Amino acid sequence: MISVFIDADACPVVDIAVFVSSQYEIKPFLFCDTSHLIEREDAITIQVAEGRDSVDFAIVNAVSKFDIVVTQDYGLAAMCLAKGAFVLNQNGKEFTDENIDQMLFFRHENAKFRRAGGKTKGPKKRTEKNNLDFEIKFRQICERAMLLKKENDNA
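Each value, and the rule that gives it
- Residues numbered from 1 in each chain as written.
- Predicted model: local features only at pLDDT ≥ 70, side-chain atom pairs only at ≥ 80, totals over all residues.
- Heavy atoms only, no water.
- Core = buried A, V, L, I, M, F, W, Y, C linked by side-chain atoms within 4.5 Å.
- Buried < 20%, exposed > 50% of the residue type's maximum accessible area, 1.4 Å probe, protein only.
- Helix = DSSP H or I, 4+ residues; strand = E, 2+ residues; numbered from the N terminus.
- Contact = heavy atoms within 4.5 Å.
- 1 Å grid on protein atoms, 1.4 Å probe; cavity = no way out; pocket = protein on both sides within 12 Å on 5 of 7 lines; lining within 4 Å.
- Points joined across faces, edges and corners; volume = space filled by probe spheres on them.
- Nonpolar A, V, L, I, M, F, W, Y, C, P; charged D, E, K, R; others polar.
- Expected span 1.5 Å × (residues − 1).
- Salt bridge = Lys/Arg side-chain N within 4 Å of Asp/Glu carboxyl O.

Asks: An account of the nonpolar core is requested, with residue identities and associated values reported.
Replies: Counting residues in hydrophobic clusters, the biggest one holds 27 residues, and the most contacted among them are Ile6, Leu30, Ile68, Val70, Phe134 and Phe138. Contributing elements (two or more residues each) for this core: strand S1 (3–7), helix H1 (14–23), strand S2 (27–33), strand S4 (68–70), strand S5 (86–88) and helix H5 (128–154). Other than its neighbours up to four places away in sequence, Ile6 contacts Cys11, Val14, Ala17, Val18, Phe29, Leu30, Phe31, Ile59 and Val70. In this structure, Val55, Val63, Leu76 and Ala85 belong to the second largest nonpolar core, which totals 18 residues.

Encoded structure:
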């Protein structure tokens with residue numbers, strides 16, 4: 001069975017992901033730390049101890065090949081890709097083996113720039129188009145994951 005693991009702390013697309021995953025009979029899991037309690041009727045909430053990366057490590061420990069992960073964290077995305085999962089962010093951008101190294105490099109360079117006193121821009125204001133882009137890509141990934149899992153099971 002395929003699951004979707006949502007890094008739910010500050011995730012603006014929890015409701016969309018839960019709704020869409022139910023249409024594909026994919027079980028959604030919401031991961032949050034003890035400083036947040038995020039619950040939805042059709043999802044299982046996994047609350048972990050508060051702490052740096054505690055949610056990330058809980059997701060990595062739970063994820064399997066063909067599962068889907070929703071996160072904006074590049075480090076978590078890289079670990080989940082290594083386990084054979086599909087990963088996308090809240091704007092519908094898919095993380096892949098082909099693009100994750102570049103994203104991690106830019107994250108590292110931006111962190112160095114900020115430590116040296118530089119200022120970077122924050123995220124743009126969320127729009128309805130972001131939600132639509134996420135939903136479209138999430139549906140595509142659900143279909144691809146189900147197809148590949150079925151092919152793998154029949155092999």
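That covers the picture; the talk isn't over yet.
Asks: Tell me what's going on with the layout of surface pockets, and back it up with residues and numbers.
Replies: Space inside the second largest pocket adds up to approximately 240 Å³. Along its surface, the second largest pocket is lined by 14 residues, and Arg52, Asp53, Ser54, Asp56 and Asp73 are the ones closest to its centre. Mapped onto the lining of the second largest pocket, the elements with two or more residues apiece are helix H2 (54–62) and helix H3 (74–82). Among the elements that make up the lining of the second largest pocket, the one with the highest residue count is H2 (4 residues). Residue classes in the lining of the second largest pocket are distributed as 4 nonpolar, 3 polar and 7 charged.

Asks: Describe H5, naming the residues involved and giving the relevant values.
Replies: Between the first and last C-alpha of H5 there are 39 Å, a value that for 27 residues agrees with the 39 Å anticipated at 1.5 Å per step. Buried residues in H5 make contact with S1, H1, S4, S5 and strand S6 (94–95).

Asks: Please give an account of the pattern of salt bridges that cites residues and values.
Replies: A complete count under the given rule lists 6 salt bridges for this structure. One salt bridge connects Lys137 with Glu94, and the closest N-O pair in it is separated by 3.3 Å. Within this pair, whereas Lys137 is found in helix H5, its partner Glu94 is found in strand S6, the two being separated by 43 residues in sequence. Here Arg139 and Glu135 are joined by a salt bridge, their closest N and O atoms 3.0 Å apart.

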